[in-house]
Each structure stands twice: as structure tokens, then as C-alpha cells.
Amino acid sequence: MTRTQWAAVTAVVLALLFAGAATVASAGPETEPRATAAPAADSADAGFARDMSVHHQQAVEMSFIVRDRTKDEEVRRLAYDIANTQANQRGMMLGWLDMWGLPKVAPGVEPMAWMGMPSHGSSHSGGLMPGMATAAQLDRLRAASGRQAEILYLRLMTAHHKGGVHMAQGCADKCRPGVERDLAQGMVDAQESEILLMADLLKARGAKP
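Remember, predicted model here, so these are calculated numbers, not experimental data.

What counts and how
- Residues numbered from 1 in each chain as written.
- Predicted model: local features only at pLDDT ≥ 70, side-chain atom pairs only at ≥ 80, totals over all residues.
- Heavy atoms only, no water.
- Helix = DSSP H or I, 4+ residues; strand = E, 2+ residues; numbered from the N terminus.
- Buried < 20%, exposed > 50% of the residue type's maximum accessible area, 1.4 Å probe, protein only.
- Contact = heavy atoms within 4.5 Å.
- Areas by Shrake-Rupley, 256 points an atom, 1.4 Å probe, with all protein chains shown as cover.
- Salt bridge = Lys/Arg side-chain N within 4 Å of Asp/Glu carboxyl O.
- Axes fitted to C-alpha atoms, helices over the stretch in contact; angles between N-to-C directions.
- Left-handed = near helix turned anticlockwise from the far one by under 90°.
- Nonpolar A, V, L, I, M, F, W, Y, C, P; charged D, E, K, R; others polar.
- Phe/Tyr/Trp six-rings, centres within 6.5 Å; stacked < 30°, edge-to-face > 60°.

Peer 1: Outline the overall build of the protein chain, listing residues and values.
Peer 2: When helices and strands are tallied, the protein chain shows seven helices and zero strands. Helices and strands in the protein chain line up, N terminus first, as α-α-α-α-α-α-α. Counting the 209 residues in the protein chain, one finds 38% classified as buried. In the protein chain, of all internal contacts separated by at least 6 residues, the share reaching a separation of at least 24 is 75%. Carbon and sulfur atoms make up 59% of the accessible area of the protein chain, which amounts to about 11800 Å² in all.

Peer 1: Help me get a handle on the pattern of salt bridges, residues and values and all.
Peer 2: Inspection of the entire model under this criterion finds eight salt bridges. Measuring nitrogen to oxygen at the nearest pair gives 2.7 Å for the salt bridge that ties Glu-61 to Arg-142. Here the residue Glu-61 occupies a position in helix α3 (residues 44-67), and Arg-142 occupies one in helix α5 (residues 135-143), the gap between them amounting to 81 residues. By relative accessible area, which is 30% here, Glu-61 ends up partly exposed. With a closest N to O distance of 2.8 Å, Glu-150 and Arg-205 form a salt bridge. Residue Glu-150 is located in helix α6 (residues 146-174), and its partner Arg-205 is located in the segment after α7 (179-204); the two are separated by 55 residues in the primary sequence. Residue Glu-150 is classed as buried on the basis of its relative accessible area, which comes to 7%. Each member of the salt-bridge network shares a partner with another, and the members are Asp-72, Glu-74, Glu-150 and Arg-205.

Peer 1: Report on the environment of Glu-192, specifying residues and quantitative values.
Peer 2: By the secondary structure assignment, Glu-192 is in helix α7. Under the relative-accessibility criterion, Glu-192 is labelled partly exposed at 41%. Taking the C-alpha atoms as reference points, Glu-192 and Val-165, separated by 27 residues in sequence, lie 7.2 Å from one another. Apart from residues no more than four positions distant in its own chain, Glu-192 is found in contact with Val-165 and Met-187.

Peer 1: Mind laying out the packing of helix α4 (residues 73-100) against α6, listing which residues take part and the relevant values?
Peer 2: At their nearest, the axes of α4 and α6 sit 11 Å apart, and the two run at 35° to each other. The handedness of the crossing between α4 and α6 comes out as left-handed. For the pair formed by α4 and α6, the contact residues are Val-75, Leu-78, Ala-79, Ile-82 and Gln-86 on the first element and Glu-150, Tyr-153, Leu-154, Met-157 and His-161 on the second. Looking at the contact of α4 with α6, its residues break down into seven nonpolar, two polar and one charged.

Peer 1: Could you give an account of the packing of aromatic side chains, with specific residues and numbers?
Peer 2: According to the stated counting rule, one finds two aromatic pairs in the structure shown. On the numbers, 5.9 Å between centres and 80° between planes, the contact of Phe-48 with Trp-114 is edge-to-face. Taken together, the residues Phe-48 in helix α3 and Trp-114 in the loop between α4 and α5 connect sequence positions 66 residues apart. One exposure class covers both Phe-48 and Trp-114, and it is buried. Each ring, one from Trp-96 and one from Trp-100, has its centre 6.4 Å from the other, and the planes form 25°; the classification is stacked. In this pair, Trp-96 and Trp-100 both sit in helix α4, four residues apart, roughly one turn of the helix. Note on Trp-100: relative accessible area 13%, which makes it buried.

Printed below as a string of C-alpha cells:
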């Protein structure tokens, strides 16, 4: 590299350094606390991270169940994708709660309260969040095999995704701007797409959602 080229590179580096310093200075001392402050325990951010972690765990469980109950590659591939994606997202949300110093379980706080929907419990659902399968439904999935297991899984997961989309949209509307709201919107988009895919898979098996 010639002396002229070195000079040009040095000038660019110095310009970038000065630009970065100017950006930090212009941000001011008051902006950093707002960007790094942890949300409150009763905030939408915390509530979404707690509730969706529980919701995702059941999707992972159902997906592993059906992978052992059918040899159909389409359904097994979908189940693997859902399990892998939602396990990773669950890890992120639990990590945020740790980083914020907030509990993963909030005693006395009903699921979905952060959405202004304080009670989804009922005698038949056992207080489950929208879309979640009951213990009896999970037992039926474990007992099924082949096409019967595929149809039951697709129906349960369709309902599960619809409940998940409802919750994720709540965070997209209520959570602070940033990575959690972006993740929630990504969940809405991805799960709505998978709902359409599962409708096609059910149709191919002569079943309805």
C-alpha cells in the first residue's frame, strides 16, 4: 500500500472515530439509563417473556411427541422447525428475565394480566393460556400414531399458534421498542405463515382445522 493510500485510510478511520464520538456526545447522559433500565415486574415486557416461555414450552413438547408418533417427513420436518425455533426463543426470553433480575414465575399474577386480560382460567381448561392443549389432549397425542397423530398434532398446534399470535401481537403493541418487540412481531409473522401451512397439511389428509 502506498503512502497516499495509507493517508487516505487513516483519514477515513479518524473521520469514523470523530463521528462516533459526536454521536455519543449528542445522545447525552440522559438517554443511556432509559435504554438499559430493566422493565418493571408487572410490565408488558416481563409478562410477555414469562407467559410466552410457558406457551413455547408446550409447543416444543407437542412437537417432540409427534416426531416419535409418525414417519411422515412433512409433519416431522414442521415439528422439528417449531421445536427448534421455539426452544431458542424461549431461551432468549428466559435470558432477558435473568438479565432484568426478574422472576421467571410471578406468584399471584395471572397469565395474560399484562394484556389487560386477567383471567382466562375455566373449569375445563385448568387456567391455561389461549391455545394451550389440556393434559387430556396431550395424552391423546401420545397414544395416537400415524395419520391420526399427524391430524391431532396439526389441529392442536394450529390452536396453539393462534393463541401465541394473540399474545405476541399484544407485546408488539405494548412492549417497549427494541429487541423484544421485534421478536414478538417476528413470532406473529412466522406463526401466521405456519397456520396456513398446517391448514394445507390437514387438507391433504382429508381433515379440517
